[in-house]
Amino acid sequence: MAHSAVAELHTRVDMVHMELLHHYMTHDYVYPLMNSGMRELIITTALQEPYVMHSTLALSAHHFSISQPERQSFYHDLAIQLQTRALTLFNTTDVSLLGDSAEKRIPLFIFSALVGFHALCDALMHRDNDYESAMARFMDYIRLHRGIHAVMDGCWEALKQTRLKFIFDELVPQWFRIESDGHDCDDIRERIASLKLEDEEYQGLKKAIDLVQWVLGAKPDPESRAYVLVSWTPMLARPYVAMLEAGRPEALAVLAYYFLALHHCRSVWMIGGAGQHLLTLMADHFRGGEWYSWVEVPYRELQRSLEAEATKEKDQPMADANTSAPHPGPDSHSEQAR
């Protein structure tokens, strides 16, 4: 269905919106940063602020567009319409009228998280054919996510004393312990340490690497920490983002490991094959140049993962056949003897 048709049918609340809300409330995996406390907080806030509600429904529609391929176009167009409406409503909010009230900024906090997730979904769904276009799109996502998140600057300490307290006191320590468990990023760490960098640049690169290693270190279940990849962008240090903006190869090489982590979390509905696609484009871009060795390790790991997956798929039919084949009964040998 065309976007205009969707807009005409669903400019007001209807049964489709009820379906979307029910889907969001009953399926934890729609939003990776979800537990019972988060769900209650988001829904309660959505019922108070229309722009949060529209963004929540848009996220549910986005999930339907992937989980129900036979209606992909309908739900994709609906997700765009709902998110556009959410942004329009948000832009009418005069943040200056909120004053120093941290409680009044809770909807902004929730909205920034939802919009960032939408933006990442959109960036990962596209399959640009060339490296420059893909990186331009991904950098646009980073700017949007960090831009909407910047609304909270100067309010974090106050927010910790609001209804969000359980997030900062319980969830953040639990979800973002960021221990460097594993050696997946040892090569990039050594290369970064060998460069003559400003301390803030080095620390920015190190933090970005630590966050990615936290995901890669969760083997054999990296999907259990996929929420880090969703939150990676706003957690980045400004000096590192500035290096990305400038196209610094060492910063882009760190991004290659982020793409590898995306690949290892490919079973998460909004990621899919995006990590493989982006990392392959980057490796091809650097191939033959002096910086290729910086992305060679994650690219080799990607190839090993793909080969292992192909081998598993090749062996599966044989395993299925052996499982379904009739086994000889207890008297089979005596029957043959007769």
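Keep in mind it's a predicted model, so treat the numbers as computed, not measured.

**Description of the overall build of the protein chain**
In terms of helices and strands, the protein chain carries 17 helices and zero strands. Within the span of the protein chain, comprising 338 residues, buried residues form 46% of the whole. Expressed as a percentage of contacts within the protein chain between residues at least 6 apart in sequence, the contacts between residues at least 24 apart total 74%. Accessible area of the protein chain: about 16800 Å², with a carbon and sulfur share of 54%.

**Things to note about the environment of glycine 204**
Structurally, the position occupied by glycine 204 is in helix H11 (residues 199–216). Separated by 32 residues in sequence, glycine 204 and leucine 236 have C-alpha atoms that sit 7.0 Å apart. Beyond its immediate sequence surroundings of up to four residues, glycine 204 is in contact with Ala237 and Tyr240.

**Remarks on empty space enclosed by the protein**
One pass over the full model with this rule turns up two cavities of 30 Å³ or more. Estimated volume of the largest cavity: approximately 70 Å³. As for the largest cavity, its lining consists of Ala123, Leu124, His126, Arg127, Asp128, Ala134, Arg137, Phe138, Ala274, His277 and Leu278. Of all the elements in the fold, those that place two or more residues in the lining of the largest cavity are helix H6 (106–125), helix H7 (131–149) and helix H15 (274–286). Of the residues in the lining of the largest cavity, the class split is six nonpolar, two polar and three charged. Counted as a void, the second largest cavity has a volume near 30 Å³.

**As for helix H12 (residues 226–235)**
Of all ten residues in H12, eight are buried; the element is thus mostly enclosed. Buried within H12 are the following residues: Ala226, Tyr227, Val228, Leu229, Val230, Ser231, Trp232 and Thr233.

**Points about the confidence of the model for the protein chain**
Per-residue pLDDT for the protein chain averages 84, and the proportion of residues at 70 or more is 85%. Within the protein chain, H15 carries the highest mean pLDDT (97), whereas helix H17 (residues 332–337) carries the lowest (39). Below a pLDDT of 50 lies the segment residues 327–338, which in the model reaches one contact outside its immediate sequence neighbourhood of four places, other chains included.

**Some thoughts on the environment of isoleucine 110**
Take isoleucine 110: it is sitting in helix H6. A C-alpha to C-alpha distance of 9.8 Å links isoleucine 110 and serine 55, two positions 55 residues apart in sequence. Apart from residues lying up to four places away in sequence, isoleucine 110 is in contact with Leu41, Ile42, Thr45 and Val52.

**Brief notes about the layout of surface pockets**
Reported here for the second largest pocket is a volume of approximately 380 Å³. Along the walls of the second largest pocket sit 17 residues, with His118, Ala119, Asp122, Ala123 and Leu144 positioned nearest its centre. Of all the secondary-structure elements, those providing two or more residues to the lining of the second largest pocket are helix H5 (72–91), H6 and H7. When its residues are assigned to classes, the lining of the second largest pocket shows eight nonpolar, six polar and three charged.

**So, the side chain of glutamate 201**
Looking at the element boundaries, glutamate 201 is found in helix H11. Within the structure, glutamate 201 has its side chain in polar contact with the side chain of arginine 248 (distance 3.3 Å). Once residues lying within four places of it in the same chain are set aside, the contact partners of glutamate 201 are Pro239, Met243 and Arg248.

**A closer look at the pattern of salt bridges**
A full pass over the atoms with the stated rule returns 14 salt bridges. A salt bridge links lysine 160 to glutamate 157, with the nearest nitrogen and oxygen atoms 3.2 Å apart. Relative accessible area serves as the criterion here: at 27%, lysine 160 is assigned to the partly exposed category. Residue arginine 248 pairs with glutamate 201 through a salt bridge whose shortest N-O separation is 3.3 Å. Pair noted here: arginine 248 is in the loop between helix H13 (238–245) and helix H14 (249–264) and glutamate 201 is in helix H11, with a separation of 47 residues, a long-range link. Its relative accessible area of 25% is what places arginine 248 among the partly exposed residues. Residue classification places glutamate 201 among the buried residues on the basis of a relative accessible area of 17%.

Rules and cut-offs
Residues numbered from 1 in each chain as written. Predicted model: local features only at pLDDT ≥ 70, side-chain atom pairs only at ≥ 80, totals over all residues. Heavy atoms only, no water. Helix = DSSP H or I, 4+ residues; strand = E, 2+ residues; numbered from the N terminus. Buried < 20%, exposed > 50% of the residue type's maximum accessible area, 1.4 Å probe, protein only. Contact = heavy atoms within 4.5 Å. Areas by Shrake-Rupley, 256 points an atom, 1.4 Å probe, with all protein chains shown as cover. 1 Å grid on protein atoms, 1.4 Å probe; cavity = no way out; pocket = protein on both sides within 12 Å on 5 of 7 lines; lining within 4 Å. Points joined across faces, edges and corners; volume = space filled by probe spheres on them. Nonpolar A, V, L, I, M, F, W, Y, C, P; charged D, E, K, R; others polar. pLDDT = per-residue confidence, 0-100. Polar contact = N/O pair within 3.5 Å; in protein donor to acceptor, adjacent residues only side chain to side chain. Salt bridge = Lys/Arg side-chain N within 4 Å of Asp/Glu carboxyl O.

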